[in-house]
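For reference, the chains in residue letters:
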Amino acid sequence: MTRERLGRFALLLALVLLPWQTRWIVVSGKMDGLPWEYGTVSLYAAELLVLASAALYGRLRLGDRSRFAIPLSWILLACAFSSVFTPIPAVALGATFHAAMAALLFLLLLDERTDATQALTAFVVGLIPAALLGWDQVIAGSSFPQKWLGLAGHDAATLGQSVVESAAGERTLRAYGPFPHPNVFGGFLAVGLWALAVLASRLRDHARRHHLALPAMLLAATLVITFSRGAWLAAALSLGFVVAALMWHGRLRAHAGLPLIWASLLALVITMLVFHTQLFTRFTPGARLEARSLAERSASYREAPEAFAISPVTGVGPSLYTLALSTFRPGAPAYEYQPVHNAFLLYLVEVGLVGLFASLPFLRRGWKAVNGIHVRSERVFALSGTVLLITLGLFDHYLWSLWAGLSLAAVAGASVVRGKG
């Protein structure tokens, strides 16, 4: 097996294993003696596979896509520059390393030797065991920790767990899968459904296309039991964009994804009927936990301008938003300091105006790449993927704050700007 084939294998394996959060904790973050996740410096197993793939590939072959390399470098330099001015540079540089690994993953997926369809397939395959784990968690109401797989223990009866609480006080554990929070799991599932629709549009064999229906139904049903409203909205807007494009343009290759959409809707309806009480609660603002969630999100948006004002030019530093909160709201336990639920706003506060201006060339290059996709159906899916990513970023912070989210953004973003080529 040649080095290049080994490099492709390592990359595909990284995509399959991406949901599993196995990591080596280099420095365990503490704030006032309590565990502080955003101050923890870690190295994830998937990052090692990304590095191995890059080493085996050698010099990247990006062709016209090499224009993404310099804009990504500017973003990483802005993060490193911001880290220098922080009270804990090691933590900020650790977060910058995760961003660098996500950027490397993005470029590897753009490499001419990487098959775009195989990459999306590997990503979806990795979500199947994660979805089955999510169902086991919800049905059992608990799960056991497994450090080698990066799994934390969960129990619906334990305070602090992500649950849906009915009016009668019944607590239903939300599906975490192998992720640190159900919202992150929901984001992965939403991207997985989008990826399945893309794969269906690229298959000309009807029989093989129908094989995608079962994983589509599994991912759609699992998306429901994450009870992640942001992921629900993102998936609905993205797939709705595809349907609207079909109606506007008429018959496209994208119509091949419609059977998967109908299969997903069937699974959604059945799962929603089973969990109708919990779903109703998620859309009841007066319910105790829902009211608390809305209040916390509202408060985080009020605090963001104060955090930005601390260091508007260089930012408070990657991964140090919660430390900034502790400076003007001292005395609270570490777990009460949470990033603002908006990845774009969080990035602005943490990397400042320097980071904002550094990101503009990358965004401009991404938009030009999407507009440059000549196959109409591929461009439709690229735009729907853009809608998906923007929506996920507007309603949660993990696309910037966590390695899982950064890697998800890299996979989806590379698939968007590359298309099938």
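All figures in this text were calculated on a predicted structure; none of them were measured in a lab.

Enquirer: For this particular structure, what's the right way to read the overall build of the chain?
Expert: Counting its regular elements, the chain contains 17 helices and 8 strands. By the compact-globule yardstick of 22 Å for 421 residues, the chain fits well, its C-alpha radius of gyration being 21 Å. Along the first, second and third principal axes, the C-alpha atoms of the chain reach 60 × 55 × 45 Å. Relative to its 421 residues, the chain shows a buried fraction of 55%. Counted over contacts in the chain with a minimum sequence separation of 6, partners at least 24 positions apart contribute 74%. Seen as two clouds, the 33 positive and the 21 negative side-chain charges of the chain have centres 11 Å apart.

Enquirer: Help me out: how do you make sense of the packing of aromatic side chains in this one?
Expert: For any pair of aromatic rings, the description rests on two quantities: the centre-to-centre distance and the angle between the ring planes. Going through the model one piece at a time under the given rule, you end up with 13 aromatic pairs. Between F81 and F85, the aromatic rings sit 5.0 Å apart at their centres with planes inclined by 70°, giving edge-to-face as the arrangement. Here F81 falls in the partly exposed class, since its relative accessible area comes to 40%. A relative accessible area of 52% places F85 in the exposed class. In textbook terms, an aromatic cluster arises when at least three aromatic residues are bridged by ring pairs, as seen for W135, F227, W232, F275 and F283.

Enquirer: Honestly, the pattern of salt bridges in this entry has me stumped. Any pointers?
Expert: If the charged atoms of two oppositely charged side chains come close together, the side chains can form a pair. Across all of its chains, the model carries 10 salt bridges by this definition. The closest approach of N and O atoms between R113 and E4, which form a salt bridge, is 3.4 Å. Within this pair, whereas R113 is found in the loop between α4 (89-110) and α5 (116-140), its partner E4 is found in helix α1 (residues 3-17), the two being separated by 109 residues in sequence. With a relative accessible area of 10%, R113 lands in the buried category. Here E4 falls in the partly exposed class, since its relative accessible area comes to 25%.

Enquirer: Just checking my understanding: could you explain a nonpolar patch on the surface for this structure?
Expert: Together, L233, L237, F344, I390, L394 and F395 make up an exposed nonpolar region whose accessible area comes to about 500 Å². Mapped onto the nonpolar patch, the elements with two or more residues apiece are α9 (229-249) and α15 (376-395). Along the chain, L237 falls in helix α9. Judged by its relative accessible area of 42%, L237 falls in the partly exposed class.

Enquirer: Sorry, what's going on with the environment of A103 here?
Expert: Counting through the fold element by element, A103 comes out in helix α4. The spacing of A103 and R329 is 226 residues in sequence and 34 Å in space, taken between C-alpha atoms. Excluding anything up to four places from it in sequence, A103 contacts L72 and L76.

Enquirer: What's the story with helix α12 (residues 288-310) in this structure? I'm lost.
Expert: Side chains that are three or four residues apart share a direction in an α-helix, a result of its 3.6 residues per turn. Over its 23 residues, α12 runs 33 Å from end to end, which matches the ideal 33 Å to within 8%, given 1.5 Å per residue. Along its length, α12 reaches its greatest deviation from straightness, about 30°, at E303, and the proline P305 lies no more than four positions downstream. Among the residues of α12, those classed as buried are L289, E290, S300, E303, A304 and A307.

Enquirer: I would appreciate a short explanation of the nonpolar core in the present structure.
Expert: Note that soluble globular proteins tend to have their nonpolar side chains buried in a common cluster. Among the nonpolar cores identified, the biggest contains 123 residues, and F106, F188 and W400 are the most heavily contacted of them. Other than its neighbours up to four places away in sequence, W400 contacts C79, A99, A343, L346, Y347, E350, V351 and L406. Judged by nonpolar contacts, the second largest core, of 5 residues, contains A156, L173, Y176 and L289.

Enquirer: Explain the packing of helix α14 (residues 343-371) against α15 to me, please; I cannot follow it from the model alone.
Expert: Think of two packed helices as two axes; the pair is described by the angle between the axes and how far apart they sit. Packing of α14 against α15 brings their axes to within 13 Å, and their N-to-C directions diverge by 175°. Compared by their axis directions, α14 and α15 come out roughly antiparallel. Residue-level contacts link A343, F344, W367, V370 and N371 of α14 to R379, A382, L383, T386, L389, I390, G393 and L394 of α15. For the contact of α14 with α15, the per-class residue count stands at 9 nonpolar, 3 polar and 1 charged.

Enquirer: What am I meant to see in the side chain of H341 here?
Expert: Within the secondary structure layout, H341 lies in the loop between α13 (321-328) and α14. On the basis of relative accessible area, H341 is assigned to the buried category, the value being 17%.

Calculation criteria
Residues numbered from 1 in each chain as written. Predicted model: local features only at pLDDT ≥ 70, side-chain atom pairs only at ≥ 80, totals over all residues. Heavy atoms only, no water. Helix = DSSP H or I, 4+ residues; strand = E, 2+ residues; numbered from the N terminus. Rg over C-alpha atoms; globule rule 2.2 N^0.38 Å. Buried < 20%, exposed > 50% of the residue type's maximum accessible area, 1.4 Å probe, protein only. Contact = heavy atoms within 4.5 Å. Lys, Arg positive; Asp, Glu negative; His and termini not counted. Charge placed at Lys NZ, Arg CZ, Asp CG, Glu CD. Phe/Tyr/Trp six-rings, centres within 6.5 Å; stacked < 30°, edge-to-face > 60°. Salt bridge = Lys/Arg side-chain N within 4 Å of Asp/Glu carboxyl O. Patch = residues over 30% accessible without salt bridge, like charges linked within 9 Å, V, L, I, M, F, W, Y side chains within 5 Å. Areas by Shrake-Rupley, 256 points an atom, 1.4 Å probe, with all protein chains shown as cover. Expected span 1.5 Å × (residues − 1). Bend = angle between axes of the 7 residues up to and from the residue. Core = buried A, V, L, I, M, F, W, Y, C linked by side-chain atoms within 4.5 Å. Axes fitted to C-alpha atoms, helices over the stretch in contact; angles between N-to-C directions. Parallel < 35°, antiparallel > 145°, perpendicular 65-115°, else oblique. Nonpolar A, V, L, I, M, F, W, Y, C, P; charged D, E, K, R; others polar.

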